Each structure stands twice: as structure tokens, then as C-alpha cells.
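Structure at a glance
Chain by chain, the residues:
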Amino acid sequence: MSGLVNALVIVAVAAVVIARQFRARAIDADRRWWLLPVILGVVALRDPGVLDGHHRAEAAVLLAVELLIGLATGAGWAWTTRVWTAQDGAVWTRSTKASVAVWGVGIALRAGVFAVGSALGVHQDSAALMLGLAGTLLVRGGMLAWRAQSLDDTSRLAPAYGDDRRPAWKERV
């Protein structure tokens, strides 16, 4: 697949994911949350330009760093997402303001990796970015499915880091 098509796929997936993260959504922990990340990963790995042929070692290190950033971003995103159970038993999620910070740090780190690669003269294909995005979505989906399954009937709310919603306490009258 060409670099332009990869870039368009990355932008489209990121736009859909980012737009949907701030709306409350019911999730099903049993559904195939891993399917989209696996498809993105397969498409990225089929691209022969994942590693620069002239700088294999440097490109491999940059790809590993990209994957680590993607995994860390996915974990941070999952931990900053609010998860709760509705009265009917459905599990819902919605990202918090801290999720924006996680995305911002992830994007800044990826830009830094790209800058280091450019300074080293390593050709960086969009397949590496797509692989990092696949890792982000895979870790986030897995952690949210795990958090959703860990909710029981007594705990209606799984706390999220950076969530500004605090339970109100009752004043004595």
C-alpha cells in the first residue's frame, strides 16, 4: 500500500476514534474489540517499507520506540477513561480531560521519534505510525474490556485517573 493511502487510513481511523472517545458509549466486553487493531497491524506489517533498508538497526530501534509509545498511550488512555454500569447492567465508557493530555503527550513523543529519525537520516514510513496506532487501540480495548468485566453489581463506577467526578456526600439535616 502506498504511503499516501496509509496516511489517509491513519488519519481516518484516528479521527473516528478521537471523535467517539468523548461521547458516552455502551461497550460489550465480549465483542471483537481486537479486530480493528489486528487489521491495522496486518496492513502495516505487509508494507515492505516498515524498516529502512539502509539503516536497519536504527529503523528497528525507532520502530520499537514507536511501539512502546503506542502501548503506553493505549494504557494511559484506558486508565483515564471513565467506566460505569448503568441501571440496566450495560457498561458505559467515556474519556476524561486527562485523556486529552495522554493523547497530546503521545503525539508529542511520536513527533520526537520522527525528528530523531530524520536527524539520523532514517527513512520512516507511515506503516510504523500505523503499527503504533494498532498497538494503542489494542491495549486500550483490552484494558477497557478487562475493566468492564471487573465491574460487579456493587461497584457502579470504576474510577478513572483525572476524572473530576466525585461522589457527592450527604449533609445531615
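No experiment lies behind these values; they were computed from the predicted model shown.

Let us look at the side chain of Arg-110. Inspection of the secondary structure assignment puts Arg-110 in helix H4 (residues 97-120). What makes Arg-110 buried here is its relative accessible area of 12%. Side-chain polar atoms of Arg-110 contact the backbone oxygen of Gly-132, separated by 3.4 Å. Dropping the residues within four chain positions of it, Arg-110 is found in contact with Glu-66, Ile-69, Gly-70, Thr-73, Leu-129, Gly-132, Leu-133 and Thr-136.

On to the packing of aromatic side chains. One pass over the structure, following the stated rule, counts 2 aromatic pairs. Between Trp-77 and Trp-103, the ring centres sit 5.0 Å apart and the planes meet at 70°, which makes this aromatic pair edge-to-face. Of this pair, Trp-77 sits in helix H3 (residues 56-79) while Trp-103 sits in helix H4; the two residues are 26 residues apart in sequence, bridging distant segments of the chain. Neither Trp-77 nor Trp-103 differs from the other in exposure class; each is buried. Ring centres of Trp-79 and Trp-146 lie 5.9 Å apart, and the angle between their planes is 80°; on these two criteria the pair is classed as edge-to-face.

Our next topic: the pattern of salt bridges. A side chain of one charge can pair with a side chain of the opposite charge when the charged atoms of the two come close. One pass over the structure, following the stated rule, counts 1 salt bridge. In this structure, Glu-66 engages Arg-110 in a salt bridge whose closest nitrogen and oxygen atoms are separated by 2.7 Å. Here the residue Glu-66 occupies a position in helix H3, and Arg-110 occupies one in helix H4, the gap between them amounting to 44 residues. There is no split in this pair, since Glu-66 and Arg-110 are both buried.

Here we come to a nonpolar patch on the surface. A cluster of nonpolar side chains, namely Trp-34, Leu-35, Val-38, Ile-39, Val-42 and Leu-138, defines an oily patch on the protein surface of about 490 Å² accessible area. A total of 4 residues in the nonpolar patch trace back to one element, the largest contributor, which is helix H2 (residues 35-46). Examined against the element boundaries, Val-42 turns out to sit in helix H2.

Attention shifts here to the packing of H3 against H4. At a closest axis distance of 9 Å, the pairing of H3 and H4 adopts a crossing angle of 175°. The angle between H3 and H4 places the two elements in the roughly antiparallel class. In this structure, H3 uses Leu-62, Val-65, Glu-66, Ile-69, Gly-70, Thr-73, Gly-76 and Trp-77 to contact H4, whose residues at the interface are Ser-99, Val-102, Trp-103, Gly-106, Leu-109, Arg-110, Val-113, Val-116 and Gly-117. Looking at the contact of H3 with H4, its residues break down into 9 nonpolar, 6 polar and 2 charged.

Listed under "transmembrane region" (unreviewed entry) in the UniProt record, and renumbered for this structure, are residues 59-79, 100-121 and 127-146. With 95% helix and 0% strand, the stretch residues 100-121 has end C-alpha atoms that lie 31 Å from each other. As annotated, residues 127-146 has a helix share of 100% and a strand share of 0%, and its two end C-alpha atoms lie 28 Å apart.

What counts and how
- Residues numbered from 1 in each chain as written.
- Predicted model: local features only at pLDDT ≥ 70, side-chain atom pairs only at ≥ 80, totals over all residues.
- Heavy atoms only, no water.
- Helix = DSSP H or I, 4+ residues; strand = E, 2+ residues; numbered from the N terminus.
- Buried < 20%, exposed > 50% of the residue type's maximum accessible area, 1.4 Å probe, protein only.
- Polar contact = N/O pair within 3.5 Å; in protein donor to acceptor, adjacent residues only side chain to side chain.
- Contact = heavy atoms within 4.5 Å.
- Phe/Tyr/Trp six-rings, centres within 6.5 Å; stacked < 30°, edge-to-face > 60°.
- Salt bridge = Lys/Arg side-chain N within 4 Å of Asp/Glu carboxyl O.
- Patch = residues over 30% accessible without salt bridge, like charges linked within 9 Å, V, L, I, M, F, W, Y side chains within 5 Å.
- Areas by Shrake-Rupley, 256 points an atom, 1.4 Å probe, with all protein chains shown as cover.
- Axes fitted to C-alpha atoms, helices over the stretch in contact; angles between N-to-C directions.
- Parallel < 35°, antiparallel > 145°, perpendicular 65-115°, else oblique.
- Nonpolar A, V, L, I, M, F, W, Y, C, P; charged D, E, K, R; others polar.
- UniProt positions renumbered as here; feature names shortened; annotations may be inferred.

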